[in-house]
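Fold and geometry: a report
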Amino acid sequence: MKPAPFKYLAPETVEDALNLLSQHGDDAKLLAGGQSLIPTMNFRLAEPAVIIDLNRVSELNYIRETRRSGGLSIGAMTRQRQVERSDLVAQKAPLLYETMPFIAHPQIRNRGTVGGSIAHADPAAEFPAVFTALNAKFRLQSQSGNRWVSIDEFYLGMFATALTADEMLVEIELPASPKRSGFAFKEVARRHGDYAIVGVATAVTLDRKGRCEDVNLVFLSVGDGPVTAKQAAVTLTGETPTSQLIEAAAEAAAQQDIDPGDDLHATAAYRRHLANTLAKQTLTLAFERAQNS
């Protein structure tokens, strides 16, 4: 298959890109890594009249420490492979660093961008779940200015985000992790590099007495977007994370917090089973890491 005809534009600055986006509005699509957009265009599932290629906008390619908070800032056009190989990411965002090898294949990570994957909002993608677990916020920019949105405000449903027609995602910011924090990521896929049947990103923080102060248990591939296990968090918060309590939290997550469907790859019952198992594994590992941090 070949894409429908389109006009190709290649700005070199954010200002120029936003100007073009303002001119063309809903008729335009932003091209970042192209790992999702190009296949959908080739199958005529998307037929934009205008493609605005961001690959020459070098100012959106960076990984750096956020000075005011000690967290991490990532430009939207940063390649996934850069994140995978970054010592700063390993230091500041170990959950993100641990997740990177699970994302597709090296060839795709070489081209795919962090911002492109986030804006695509695929419910089976790893980035939305990981950034939800890390309480990320996103900077959206248009010709009228910038606005910051939390990740909970950003994702509106399957392939739907808070981005307006004249806005683009320009930056991802992760807060500094509190002391006594631990993280873990696991997923199950038919083959390594395939979309996960179920995956989970977990971030926990212990108080000085070893009790669970905060927990983010976030699933992918079980709903229309990243799904946060709120009942599991209620089970754990304020308690010492024993193996029995972790089992109870995992059961609550699998039976109360998620509502998976059936498809060609797995039944809902099997997804609940995987969610339970992965929740136990990641919670156990994350709490161990928090205790040793």
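The structure under discussion appears in the preceding block.
Residues numbered from 1 in each chain as written. Predicted model: local features only at pLDDT ≥ 70, side-chain atom pairs only at ≥ 80, totals over all residues. Heavy atoms only, no water.

Attention now moves to the packing of helix H11 (residues 243-257) against helix H12 (residues 268-292). Axis angle and axis distance: for two packed helices, these are the angle between their axes and the distance between the axes, and together they describe the pair. For the pair H11 and H12, interaxial distance at closest approach is 8 Å and the crossing angle is 140°. The handedness of the crossing between H11 and H12 comes out as right-handed. Only Arg 272, Ala 275, Asn 276, Ala 279, Lys 280, Leu 283, Thr 284 and Phe 287 of H12 make contact with H11, whose side of the interface consists of Ile 246, Glu 247, Ala 249, Ala 250, Glu 251, Ala 254 and Gln 255. Class assignment of the residues belonging to the contact of H11 with H12 gives a composition of 8 nonpolar, 3 polar and 4 charged. (Axes fitted to C-alpha atoms, helices over the stretch in contact; angles between N-to-C directions. Helix = DSSP H or I, 4+ residues; strand = E, 2+ residues; numbered from the N terminus. Left-handed = near helix turned anticlockwise from the far one by under 90°. Contact = heavy atoms within 4.5 Å. Nonpolar A, V, L, I, M, F, W, Y, C, P; charged D, E, K, R; others polar.)

The subject of this paragraph is the sheet that holds strand S14 (residues 227-228). One open sheet holds the 4 strands; their spatial order is S11-S12-S13-S14, and the pairing between them is antiparallel. Among the strands making up the open sheet, the edge pair consists of strand S11 (181-189) and S14. As judged from the 8 bridges shared by strand S12 (residues 196-206) and strand S13 (residues 212-220), these two strands associate in the antiparallel manner. Of the residues in S13, the one forming a bridge with Gly 199 is Leu 220. Sheet strands in contact with helix H8 (residues 126-133) are S11, S12, S13 and S14, and its direction is about 170° off that of S13. Set on the sheet, H12 makes contact with S11, S12 and S13; between it and S12 the angle comes to about 30°. (Pairing = 2+ DSSP bridges.)

You will see that Phe 159, though not glycine, has its phi angle at about 55°, which is positive. Relative to the helices and strands, Phe 159 resides in the loop between strand S8 (155-157) and strand S9 (160-161). Even without glycine at this site, Ser 221 takes up a positive phi of about 70°. Look at Ser 221 and you get buried, because its relative accessible area is 12%. (Buried < 20%, exposed > 50% of the residue type's maximum accessible area, 1.4 Å probe, protein only.)

With that settled, the discussion passes to the pattern of salt bridges. Overall, the coordinates contain 12 salt bridges when judged by the stated rule. Residue Glu 171 pairs with Arg 139 through a salt bridge whose shortest N-O separation is 3.0 Å. On the criterion of sequence distance, the pair formed by Glu 171 in strand S10 (residues 168-174) and Arg 139 in strand S6 (residues 137-142) is long-range, its members being 32 residues apart. There is no split in this pair, since Glu 171 and Arg 139 are both buried. (Salt bridge = Lys/Arg side-chain N within 4 Å of Asp/Glu carboxyl O.)

The next point concerns the nonpolar core. A general feature of soluble globular proteins is that nonpolar side chains tend to end up buried together. Of all hydrophobic cores here, the largest spans 37 residues; its most connected members are Leu 96, Ile 118, Phe 131 and Phe 138. A total of 5 residues in this core trace back to one element, the largest contributor, which is H8. Ignoring anything within four residues of it in the chain, the contact list for Phe 131 reads Leu 96, Val 114, Ile 118, Ala 136, Ile 151, Ile 172 and Leu 174. Of all hydrophobic cores here, the second largest spans 32 residues; its members include Val 198, Val 200, Ala 229 and Leu 283. (Core = buried A, V, L, I, M, F, W, Y, C linked by side-chain atoms within 4.5 Å.)

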